[in-house]
Amino acid sequence: MAEVTLKRKPYKKREYRVKSSSSLSGRKTSCICYIAKCGVFLFIGDLKMSITVNAILREDQGKGASRRLRKKEMVPSIIYGGKKEPVMISLSIHEITHLLEDEHTFTSVLDLMVDKLEESVVLKDVQRHPAKNTINHVDFLRVDAKQALVTNTPLHFVGMEENEALRLGNMLNQFVVSVEISCLPKDLPNGINVDVTNLALGEHISLTNLVMPEGVIMTALQHDDIEAHDQTICSVSEPKVIEEEEEIIDTDESEAEDGEDQSEDSGDSKDGDAEEE
């Protein structure tokens, strides 16, 4: 009987770059995956996300023009900074409202598309209606990839569920919720983590205890006197119990006072009857 030898083709590792986008938010995500020999997909690396904001140029200025834009469900906005002149634009109220629901919009370099022209910007200011809380105006600041930008970034308190002192009913007092940082646009973080896992009762975390990402510096600690500008971020303390003082009414004295009042009223009524007679 003849022997048959089966030759297998050498396995080649395949690399796929997958890109997906969302039409609602304009976000684009990308990742790299490999097909291993057993057929399992292995995703490696961090997912990168960019946020795109669509805008159109506007020529009319003033309060009247802004009111007309808002009636058309548009938000008046402006781009400034850098060596270019400020540019007046308008945004869709629905798109910008949806984007501002995500914290990453406030802490990311945005791709602003103005009539098919793209600019790298960061969100500088958002003005809202005092009663309706709707967006009235948005300011964008141009960024240069080679120049450091100064902005605020939020603090993310992590490890609260694992903290033993908090599990026993103590409180985490948060005194600072954001800090001002300086970094290149490529190093801009979405936030800074404050790990409170091992924070015991009576202990605190200050600005000097924060671990900053690579390429990011805290502007508050760039002064000569660091101790004078250092401040407490959070601390763990016992919950405060507010005791309500109960008003104790002496029944004997109240009854006596009621009796005196009744006697005075009866005397006044008699005097009045006598005068009428």
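Refer to the structure above for everything that follows.
We now turn to the structure provided with this report. (Residues numbered from 1 in each chain as written. Predicted model: local features only at pLDDT ≥ 70, side-chain atom pairs only at ≥ 80, totals over all residues. Heavy atoms only, no water.)

### Section: the overall build of the chain
Right, on to step 1. The helix and strand inventory of the chain stands at 5 helices and 15 strands.
Right, on to step 2. Residue burial in the chain is summarised as follows: out of 277 residues, 31% are buried.
Right, on to step 3. The long-range fraction of contacts in the chain, counting pairs at least 24 apart against all pairs at least 6 apart in sequence, stands at 60%.
Right, on to step 4. A total of about 20,400 Å² of accessible surface is found on the chain, and carbon and sulfur atoms cover 50% of it. (Helix = DSSP H or I, 4+ residues; strand = E, 2+ residues; numbered from the N terminus. Buried < 20%, exposed > 50% of the residue type's maximum accessible area, 1.4 Å probe, protein only. Contact = heavy atoms within 4.5 Å. Areas by Shrake-Rupley, 256 points an atom, 1.4 Å probe, with all protein chains shown as cover.)

### Regarding the sheet that holds strand β12 (residues 192–195)
Right, on to step 1. Strand order across the open sheet formed by 4 strands is β12-β9-β11-β14, with mixed pairing between neighbours. Because the sheet does not close on itself, it has two edges, and the strands there are β12 and β14 (217–218).
Right, on to step 2. Across 2 bridges, strand β11 (residues 178–183) lies against β14 in antiparallel orientation. When the bridges of β14 are listed, Ser182 appears paired with Ile217. (Pairing = 2+ DSSP bridges.)

### Notes on the pairing of strand β9 (residues 149–158)
Along any regular strand the residues' side chains alternate between the sheet's two faces.
Right, on to step 1. Of the pairings in the sheet, the one linking β9 to β11 comprises 6 bridges and is antiparallel in character. Counterpart to Val150 in the pairing with β11 is Ser182.
Right, on to step 2. Two elements, β9 and β12, share 4 bridges in a ladder whose sense is parallel. Bridged to Phe157 within β12 is Val194.

### Regarding the pattern of salt bridges
Right, on to step 1. Enumeration over the complete set of coordinates arrives at 3 salt bridges.
Right, on to step 2. Here Arg142 and Glu119 are joined by a salt bridge, their closest N and O atoms 2.8 Å apart. With a gap of 23 residues between them, Arg142 in strand β8 (residues 135–142) and Glu119 in strand β7 (residues 117–128) connect regions that are remote in the sequence.
Right, on to step 3. A salt bridge links Asp187 to Lys186; the shortest N-O distance between them is 3.2 Å.
Right, on to step 4. In this structure Asp187 comes out as partly exposed when scored by relative accessible area, which is 21%.
Right, on to step 5. Relative accessible area serves as the criterion here: at 67%, Lys186 is assigned to the exposed category.
Right, on to step 6. Within this structure, Lys84, Glu119 and Arg142 form a network of salt bridges that share partners. (Salt bridge = Lys/Arg side-chain N within 4 Å of Asp/Glu carboxyl O.)

### Structural notes on the sheet that holds strand β15 (residues 232–237)
Right, on to step 1. Ordered in space as β10-β15-β13, the 3 strands form an open sheet in which the pairing is antiparallel. Either end of the sheet is taken by a strand with one partner, and the two such strands are β10 (171–174) and β13 (204–206). Neighbour to neighbour, the strand axes of the sheet diverge by 10° on average, direction disregarded. (Axes fitted to C-alpha atoms, helices over the stretch in contact; angles between N-to-C directions.)

### Describing a positive patch on the surface
Right, on to step 1. Side chains of Lys63, Arg67, Arg68, Arg70, Lys71 and Lys72 sit close together on the surface and give a patch of like positive charge.
Right, on to step 2. Positionally, Lys72 belongs in the loop between α1 (63–71) and β4 (74–80).
Right, on to step 3. Lys72 sits in the exposed class, given a relative accessible area of 64%. (Patch = residues over 30% accessible without salt bridge, like charges linked within 9 Å, V, L, I, M, F, W, Y side chains within 5 Å. Lys, Arg positive; Asp, Glu negative; His and termini not counted. Charge placed at Lys NZ, Arg CZ, Asp CG, Glu CD.)

### Regarding helix α2 (residues 93–100)
Right, on to step 1. For α2, the full list of buried residues reads Ile93, Glu95, Ile96, Leu99 and Leu100. Buried residues of α2 fall within an arc of 165° about the axis and therefore sit on the same side. (Arc of directions from axis to C-beta.)

### Observations regarding the nonpolar core
Right, on to step 1. Within the largest apolar cluster, 26 residues are counted, with the highest numbers of intra-cluster contacts made by Leu155 and Cys234.
Right, on to step 2. Among the elements of the structure, β9, α3 (164–167), β11, β12 and β15 are those that each provide at least two residues to this core. (Core = buried A, V, L, I, M, F, W, Y, C linked by side-chain atoms within 4.5 Å.)

### What about α1?
Right, on to step 1. Of the residues making up α1, those classed as buried are Ala65, Ser66 and Leu69. All buried residues of α1 lie within an arc of 100° about the axis, which places them on one face of the element. Turned more than 90 degrees away from the buried face of α1 sit Lys63, Arg67 and Lys71, all of them exposed.
Right, on to step 2. The inward-facing, buried residues of α1 abut β4 and β5 (87–92).

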